[in-house]
Amino acid sequence: MMEKIMTNRLDRGFYQYQQEFEDKAIEVLRSGWYVLGKEVAAFEEEFAAYTGAKYSIGVGNGLDALYLAFRVLGIGAGDEVIVQGNTYIASVMGITMNGATPVFAEPDDYYSIDVSEIEKKITDKTKAILVVHLYGQATPMDEICALCKKYNLRLVEDCAQSHGAFYNGKMTGTFGDIGCFSFYPSKNLGAFGDGGAIVTDDESLAKDVKVYRNYGSEKRYYNKVVGVNSRLDELQAGLLRVRLAHMEELTKERQQIGARYLQEIQNPAIRLPLLREGCNHVWHQFVIRCERREALIANLEEKGIGTIIHYPIPPHLSEAYGYLGFQEGDFPRTERLAKEVLSIPMYTGMTEEEQSRVIGALNDFC
Ligand SMILES: *Cc1c(COP(=O)(O)O)cnc(C)c1O
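Bear in mind the structure is a predicted one, so any value in this text is a computation, not a measurement. (Residues numbered from 1 in each chain as written. Predicted model: local features only at pLDDT ≥ 70, side-chain atom pairs only at ≥ 80, totals over all residues. Heavy atoms only, no water.)

Enquirer: Explain the pattern of salt bridges to me, please; I cannot follow it from the model alone.
Expert: Opposite charge on two side chains makes pairing possible when the charged atoms of those side chains draw close. What the rule picks out here adds up to 25 salt bridges. Between E39 and R241 there is a salt bridge, and its shortest N-O distance comes to 3.0 Å. Highlighted residues: E39 in helix α3 (residues 38-51) and R241 in helix α9 (residues 234-244), separated in sequence by 202 residues. R241 gets classed as partly exposed once you look at its relative accessible area, which sits at 23%. Residue D108 pairs with R276 through a salt bridge whose shortest N-O separation is 3.2 Å. Taken together, the residues span a long stretch of sequence, with D108 in the loop between β3 (101-105) and α6 (115-121) and R276 in the loop between α10 (247-264) and β12 (286-289) at a distance of 168 residues. Residues participating in the shared-partner salt-bridge network are K24, E27, K38, E39, E46 and R241. (Salt bridge = Lys/Arg side-chain N within 4 Å of Asp/Glu carboxyl O. Helix = DSSP H or I, 4+ residues; strand = E, 2+ residues; numbered from the N terminus. Buried < 20%, exposed > 50% of the residue type's maximum accessible area, 1.4 Å probe, protein only.)

Enquirer: Before we go on, may I ask you to explain the packing of helix α2 (residues 18-31) against α9 in this structure?
Expert: Between two packed helices, both the angle of their axes relative to each other and the distance between the axes serve to describe the pair. Interaxial distance between α2 and α9 falls to 9 Å at its minimum, and their mutual angle equals 150°. In terms of orientation, α2 and α9 fall into the roughly antiparallel class. Like other packed secondary-structure pairs, α2 and α9 cross with a definite hand, here right-handed. On α9, the residues touching E20, F21, K24, A25 and V28 of α2 are E234, L235, G238, L239, R241, V242 and R243. For the contact of α2 with α9, the per-class residue count stands at 6 nonpolar, 1 polar and 5 charged. (Axes fitted to C-alpha atoms, helices over the stretch in contact; angles between N-to-C directions. Parallel < 35°, antiparallel > 145°, perpendicular 65-115°, else oblique. Left-handed = near helix turned anticlockwise from the far one by under 90°. Contact = heavy atoms within 4.5 Å. Nonpolar A, V, L, I, M, F, W, Y, C, P; charged D, E, K, R; others polar.)

Enquirer: Explain the nonpolar core here, please?
Expert: Looking at soluble globular proteins, one finds that nonpolar side chains tend to be buried together. With 36 residues, the main nonpolar core has F70, V81, L130, I178 and C180 as its most contacted residues. Secondary structure elements with two or more residues in this core: β1 (55-59), α4 (62-72), β2 (80-84), α5 (89-96), β4 (126-132), β8 (178-182) and α8 (203-212). Element by element, the count of residues in this core is highest for α4, at 7 residues. Shared between two domains, this core takes at least three residues from each, and those domains are domain 1 (11-244) and domain 2 (247-364). With residues up to four places along the chain from it excluded, the contact list for I178 reads A69, V72, L73, L155, V156, E157, G173, I198, V199, T200 and L205. (Core = buried A, V, L, I, M, F, W, Y, C linked by side-chain atoms within 4.5 Å. Domains from an automatic or database assignment.)

Enquirer: Can you walk me through the layout of surface pockets in this structure?
Expert: One way to see where empty space is left: roll a probe the size of a water molecule over the atoms. Considering only enclosed or pocket space, the largest pocket measures out at about 570 Å³ in volume. Taken together, 30 residues line the largest pocket, and the ones lying closest to its centre are Y88, Y184, S186, K187 and Y311. Elements supplying a minimum of two residues to the lining of the largest pocket: α4, α5 and β8. Across the lining of the largest pocket, the residue classes tally to 13 nonpolar, 13 polar and 4 charged. Each of domain 1 (11-244) and domain 2 (247-364) accounts for three or more of the residues forming the lining of the largest pocket. For the second largest pocket, the calculated volume is near 460 Å³. Contributing to the lining of the second largest pocket are 16 residues, with L36, N214, S217, R220 and R231 lying nearest its centre. Among the secondary structure elements, those contributing two or more residues to the lining of the second largest pocket are α8 and β10 (217-219). (1 Å grid on protein atoms, 1.4 Å probe; cavity = no way out; pocket = protein on both sides within 12 Å on 5 of 7 lines; lining within 4 Å. Points joined across faces, edges and corners; volume = space filled by probe spheres on them.)

Don't take any of this as a statement about function, it's just geometry.
Here is the structure:
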């Protein structure tokens, strides 16, 4: 019996740099300093340099990064934020946790927000656009940045899936006011627990996030505002530094797998992801489309290949957002994607033989 190929193998990512991770973990454990110390400060500096942003602030997770971004931008009750309908629900929660209202836009064939949809959605309540660089492909930003200028809107980027993805040579997360990152273990830059960060060029926004993440206090026991507890810990920051130093080769590895899939998967029943010029892809997920998805999942399962759906229920139809009053049929393109998309195995440390088995199984499906 051949070993099952899972959609992700976090253990492989660990063993790629086992010695470095273990050395760093021991160093931090022995240091006697575990929250907001020199590892976080060093990581923030290195991550800012990696993205090309002036400032980076570590926070507890990706959702907190989104929540704090809208918080420090002063976006809340009565305000509207435009976001694509086909995203992970955390993007939307970052908006609604602040009391603001998400306004959904349909996606295009690249799984990105359809830029031509945005302008129709702008009202006098619109305060921001949240761009999600979904699955690891950058969203084209020129028109979106122009719209933000024209209507005086804030721009926030959800980069939880796009570490290292560029648009026209500039890294995702650096186009708008604030870029939000997650370091959840399965992300392209993953920790060994929860973690997140924001990046920004605006000194005062960076300062505000730093205050809010730590009970609203700049100076110990002196609280300026009612903040939250959302800190990146020293152990995660140290381990993230190890992985960040290898990001270039890790991204290349995903791109090699992505290129091979694109070239060798050939089946008229399967639609491959489309690459857009100027927007590079870091393959957080390799997402195909299939009208007979359930049959395909069962067929792959029989051959020992795991798959996962990102995401089966679009946020506007989720029970949590029932109060927004949307119905099936309100966003046909978003809903059709939810019925057709399927993510196939994609992870660093994936062997060529595993890739071949995935390709062969997909090509044999009829
Ligand atoms: C993972 C993810 C988040 C949330 O990150 P967490 O660290 O899990 O809170 C937000 N948005 C998108 C698009 C994600 O993929």
